[in-house]
Amino acid sequence: MRIGILGTGALAAALGTGWARAGHELVIGGRSRAKADALAERLGGTARAATPREAATGRDAVLLAVLWTGVEDILRDVEAADGTLAGTPLIDPTNAVSHGVGVLLTEHGGSAAGRIAELAPGAHVVKAFHLFPADQWTRYPAGGGNSGPAATVAICGDDADALRITSDLIRDVGGIPAVLGPLDRARQLEDVAGFVIGLAFAGFDPASAVPHVPTGTVST
């Protein structure tokens with residue numbers, strides 16, 4: 001696939017590494033062209049740097065790998081308000097939470113993914129990759145297999161094709177996609193991230209706060 005990556009940080013590098021290994025064509029666009037050039041060189045293969053606008057144009061999927069505070073700026077750079085991302089799967093791994101606390105910064109009842117959909121009219125936004133640290137996606141060895149249990153990546157979105165494409169990209173980095181439902185479930189996923197972040201910064205293992213429920217044992 002032809003994938004645009006908006007951002008040059010740890011998550012962009014980790015997912016970009018896995019996707020380059022899987023043979024996808026990557027175009028990196030960041031607010032710093034020097035950082036985009038450096039990441040493209042690091043990824044190797046067919047990866048190249050471009051302006052954010054070029055990175056987001058004509059792609060099979062676009063990853064929005066920037067901090068929440070930079071979302072509006074980068075979407076402005078790609079002219080998303082003019083419909084440049086219309087029809088494109090736009091993968092949103094952002095966490096709009098206060099640092100070290102995990103309280104969501106979005107308006108009551110709203111979601112970061114929903115706000116992104118407003119800023120990029122026509123884009124097929126999919127919430128994904130927001131629960132695990134970036135190094136989770138660097139544990140997928142070049143020879144195949146995984147160094148540990150596969151991570152289940154809960155995702156949600158309104159477009160079936162965008163969900164399918166995102167699911168394929170999750171598998172490419174060793175994850176297991178789990179579609180939770182439409183994009184209006186994004187707030188729930190983002191609340192979970194806030195819960196995890198809050199516990200982690202308080203010194204608790206978030207996994208110890210979630211009961212292990214074997215598949216097929218849940219009843220209503």
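An unreviewed UniProt entry annotates the chain as NADP oxidoreductase of Pseudofrankia asymbiotica.

Okay, the pattern of salt bridges next. Tallying each qualifying case throughout the model produces 15 salt bridges. Put simply, Arg31, Asp73, Arg76 and Asp77 are held in one network by salt bridges that share partners.

It is worth spelling out the side chain of His130 at this point. Position of His130 relative to the elements: it lies in the loop between β6 (124–127) and β7 (152–157). Taking the relative accessible area as the measure of exposure, His130 reaches 5% and is therefore buried. Contacts of His130, omitting those with residues within four sequence positions, involve Pro93, Thr94, Asn95, Leu189, Glu190 and Ala193.

This part covers the environment of Pro177. By the secondary structure assignment, Pro177 is in strand β8 (residues 176–181). The class of Pro177 is buried, set by a relative accessible area of 18%. It is 28 Å that separates the C-alpha atoms of Pro177 and Glu107, two residues lying 70 residues apart in sequence. Once you skip the residues sitting within four places of it in the chain, Pro177 turns out to touch Val153, Ser167, Ile170 and Arg171.

The sites that carry the UniProt feature "domain: Pyrroline-5-carboxylate reductase catalytic N-terminal" (unreviewed entry) are, in the present numbering, residues 2–95. In residues 2–95, the share of helix is 36% and the share of strand is 22%. The end C-alpha atoms are 25 Å apart.

Phi is positive for Glu79, which is not a glycine, with a value near 60°. The exposure class of Glu79 is partly exposed, given its relative accessible area of 37%. For Phe129, which is not a glycine, the phi torsion comes out positive at approximately 65°. Its location among the elements puts Phe129 in the loop between β6 and β7. According to the relative accessible area criterion, Phe129 is buried, its value standing at 2%.

With that settled, the discussion passes to the environment of Gly45. Positionally, Gly45 belongs in the loop between α2 (33–43) and β3 (48–50). Taking the C-alpha atoms as reference points, Gly45 and Leu26, separated by 19 residues in sequence, lie 8.9 Å from one another.

The subject of this paragraph is the pairing of strand β2 (residues 25–29). Counting buried positions along β2 gives four out of five residues, so the element sits mostly inside the fold. Taken together, strand β1 (residues 2–6), helix α1 (residues 10–21) and β2 form a β-α-β motif whose crossover is right-handed. Inspection of the sheet shows β2 paired to β3 by three bridges, in the parallel sense. Paired with Val27 across the two strands is Arg48, which belongs to β3. Between β2 and its parallel partner β3, the chain crosses via α2, and the hand of that crossover is right-handed.

This brings us to the packing of aromatic side chains. Applying the stated criterion across every chain yields a total of three aromatic pairs. Ring centres of Trp19 and Phe129 lie 6.1 Å apart, and the angle between their planes is 70°; this geometry places the pair in the edge-to-face category. You can see Trp19 sitting in helix α1 and its partner Phe129 sitting in the loop between β6 and β7, a full 110 residues away along the chain. The pair Trp19 / Phe129 is uniform in exposure class, with both members buried.

So, how was this worked out
Residues numbered from 1 in each chain as written. Predicted model: local features only at pLDDT ≥ 70, side-chain atom pairs only at ≥ 80, totals over all residues. Heavy atoms only, no water. Salt bridge = Lys/Arg side-chain N within 4 Å of Asp/Glu carboxyl O. Helix = DSSP H or I, 4+ residues; strand = E, 2+ residues; numbered from the N terminus. Buried < 20%, exposed > 50% of the residue type's maximum accessible area, 1.4 Å probe, protein only. Contact = heavy atoms within 4.5 Å. UniProt positions renumbered as here; feature names shortened; annotations may be inferred. Right-handed = clockwise from strand over helix to strand, strands pointing away. Pairing = 2+ DSSP bridges. Phe/Tyr/Trp six-rings, centres within 6.5 Å; stacked < 30°, edge-to-face > 60°.

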